[in-house]
Amino acid sequence: MEGTVRPADDVRTGYRSGSVLFATRRTRIACLIGVAALCILPLQIDGLPSVSSTWLALIIQIGCYGIAALGLNILVGFTGQVSFSQAAFFGFGAFTSAYLSGKLGVPVVISIPLAGAATALLGVMICMPARRLKALYLAIATLAVQIILQDFFSRAGWFTGGAAGVKALPFSLYGIELSGDRHYLYVVLFFLVVMSVFAANLMRTRDGRALVAMRDHHQSAETIGINLAYYRTLAFAISSFYAGIGGALLAHHASVVSIAAFDLLASINFLAMVIIGGLASVSGSLIGAVFILGLPELAQAIAKSVTFTAGGAYLKEMALGLAIMLFLVFEPGGIAARWRKITAQWNR
Amino acid sequence: MNSSHLIQLIAGGLIVGALYGVIAICFVLLYKGNRAANVGHGEIVPIGTWACWWLVTSFNLPFWIGFIVCLGFMVLLSVTMQKMALRPVPGPPVMFVVVATMGLTLFFQALLKGIFGASTKPFPPVFAMQPVNLFGLEFEMSSLASFMCSIVALAGLAYFFKVTKLGLAMRAPASDRQAGPLSGASVRQAFALSWAVAAIVSALSAVVSEVISRVPVAVEPAGVMLFPPFIAGGLESISGVVLGGVVIGLLESLARFSNAEYLGVGELMSVAPFYALLLILLIKPFSLFASVDSKRG
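Notes on the structure in this doc start here. (Residues numbered from 1 in each chain as written. Chains lettered and ligands numbered in written order. Predicted model: local features only at pLDDT ≥ 70, side-chain atom pairs only at ≥ 80, totals over all residues. Heavy atoms only, no water.)

### Some words on the overall build of chain A
For clarity, the cut-off: In this description a helix means any DSSP run of H or I spanning at least four residues, a strand means any run of E spanning at least two, and both kinds are numbered starting from the N terminus. We call two residues in contact when some of their heavy atoms are within 4.5 Å. Each accessible area is a Shrake-Rupley estimate made with a 1.4 Å probe; only the visible protein chains count as cover when residues are assessed.
From N to C terminus, chain A includes 15 helices and four strands. Taking all contacts inside chain A whose residues are at least 6 apart in sequence as the whole, residues at least 24 apart take part in 79%. Carbon and sulfur atoms form 66% of the exposed surface of chain A, whose accessible area is close to 16200 Å².

### Comments concerning the overall build of chain B
Short version of the rule: In this scheme, a residue with accessible area under 20% of its type's maximum is buried, one over 50% is exposed, and one in between is partly exposed, where area comes from a 1.4 Å probe on protein chains only.
In terms of regular secondary structure, chain B is built from 12 helices and two strands. For chain B, the α and β elements follow one another from N to C terminus as α-α-α-α-β-β-α-α-α-α-α-α-α-α. When the 297 residues of chain B are sorted by exposure, 53% land in the buried category. Looking at chain B alone, contacts between residues at least 24 apart form 74% of all its contacts between residues at least 6 apart. Accessible surface for chain B amounts to roughly 13100 Å². Of this, 71% is attributable to carbon and sulfur atoms.

### Things to note about the pattern of salt bridges
All names here are of chain A. The test is simple: By definition, a salt bridge exists where a carboxyl oxygen of Asp or Glu is found within 4 Å of a side-chain nitrogen of Lys or Arg.
For the coordinates displayed, the defined rule picks out two salt bridges over all chains. Here Arg-155 makes a salt bridge to Asp-151, at a shortest N to O gap of 2.9 Å. Taken as a pair, Arg-155 and Asp-151 lie in helix H6 (residues 135–155) at a separation of four residues, close to a single helical turn. Owing to a relative accessible area of 34%, Arg-155 belongs among the partly exposed residues under this scheme. Between Arg-215 and Asp-216 there is a salt bridge, with the nearest N and O atoms lying 2.9 Å from each other. Relative accessible area serves as the criterion here: at 12%, Arg-215 is assigned to the buried category. For Asp-216, a relative accessible area of 46% corresponds to the partly exposed category.

### Digging into unusual backbone geometry
Residues and elements named next belong to chain A. Phi is positive for Ala-280, close to 55°, though the residue is something other than glycine. Along the chain, Ala-280 turns up in the loop between helix H12 (264–277) and helix H13 (282–305). Taking the relative accessible area as the measure of exposure, Ala-280 reaches 12% and is therefore buried.

### Notes on the packing of H12(A) against helix H15 (residues 334–347) of chain A
Residues and elements named next belong to chain A. The following threshold applies: To get an axis, a line is fitted to the C-alpha atoms, and for a helix only the part in contact is used. The angle between two axes follows their N-to-C directions and goes from 0 to 180 degrees. Note that the term roughly parallel is reserved for angles under 35 degrees, roughly antiparallel for angles over 145, roughly perpendicular for angles of 65 to 115, and oblique for everything else. Side-chain classes follow a simple rule in which Ala, Val, Leu, Ile, Met, Phe, Trp, Tyr, Cys and Pro form the nonpolar group, Asp, Glu, Lys and Arg form the charged group, and the remainder, Gly included, forms the polar group.
At their nearest, the axes of H12 and H15 sit 3 Å apart, and the two run at 10° to each other. As judged from the angle between their axes, H12 and H15 are roughly parallel. Facing H12, whose interface residues are Ile-275, Ile-276 and Gly-277, H15 presents Gly-334, Ile-335 and Ala-336. Of the residues contributing to the contact of H12 with H15, the split by class is four nonpolar, two polar and no charged.

Take a look at the structure:
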């Protein structure tokens, strides 16, 4: 797969260097600086300009979608299974957390991981027919799952609140309410860092290597003793766990969750994030989320100066479709692979 | 009362199912010819309808001229699409093609909405509207014509692939990548031809489904609905896919009937095929009519 192709001068001399958490010292420093910058960002210090609430909301959204995209990347990029149902799982996580905290009185701190676990369980259940399937059959099966879950959402008014949506409680910790975006950013950041480190770490373990082996050549993987059905289920469970966490985080940020956000188009959006950002790359998933969610904002900012016609509303979807296709044809590794090539060129 | 209603619905299901079968054949053609699952093919169908609608209403062309122009346009479009979007990816993993065509789908869907607006528009009537009485059942003239078209299309395809030299030349590389070209059949020609034939068939079925059944031209795709027959019938078997289409059509009708009579849960019929699809895959992971080769995929 193109996503794992490394530049020519990236030579590895031992197994140890293949399983490091950060590829270079520079990436480690960049990651730490990035996290530190996000920590400082919401602070309001006198005399310094503070970041506007629209930007904060956008960053939080990128975090939530990014977590789900990361989960999808574990499934698509590392395991090589297409899934068209990530948005449905994302929505299931959101509704579950809203339901647990709103109707059953579970604290939001606990309801978010619980929603992740419930979504993972759903993923495993749905994977039962899918675990024996290969390639195209699996893709279409997940498409069917997306349609069925979408239908379930629109039917189960007690769970999703129907067309009006359901209200989710704000996040609170030890009785302190962390409802404002400025506080909530830290919650999302915490989950994002934990989930990213988990994903990066997963690929250093036996299980992670088994997933990659299954992607690269499933017959060989089976021959050396990798249980394909088990690992396929595992990948599905992890991926839907991520989707559930991301969805739950988004639910408690947006406070109103409605079914419209979890349709097939949203699932394609998730795939677009993974492909444009970079298949089989942890940072790539997050870059993809920034790209897909940031692009409309950027387009809107431009559109404010240039008045668009009514057809402009569809320009975004058209651009998205075109971007997916062009990336697949010209740079299947996504932005992350391109970045790796550029830095390799630079270091020479 | 009830039983006659049921029979009426079953007949309707057969008619719709035959149409599904015809459209799903395009998937099979493309899959066999290119090993490419064109997920976006369902989206091509409304393009044909819109083109025909536009020609007929804005230029007041007679229906059949609009139809023929539309056929030519569709062939051009899909051959270009194949050259541009899918050719540069040599022997791609299934995943890439699926997602690339999904991107293409998104693009075309948005383009259509941008050009024609998101609302539905009525197609001018082509056939007489009065119902026809046949075997004690009432049919719209249009749905009978649609059924006839499906049958003719199926027969035509069968003739093309079984008898004509061109059809055989297309099947050869599809069935054996090595032996086919050795016997003189051109792979490139087969690729392009399979797209062209798929385009013609889909344009035909598009116009048939929308014009003849008097459904307003809808942008919202029926594309997703075509997967259940395609998968249920196996990826490579034309007769299997037609059977799958008929089964899914009947299933929709039965779901509508049982819903109206007993269940009352609302729009069950649009989801029922997907439940059936999962069930089929649960029992037979390689669907009902899969060849040995596609199991290895």
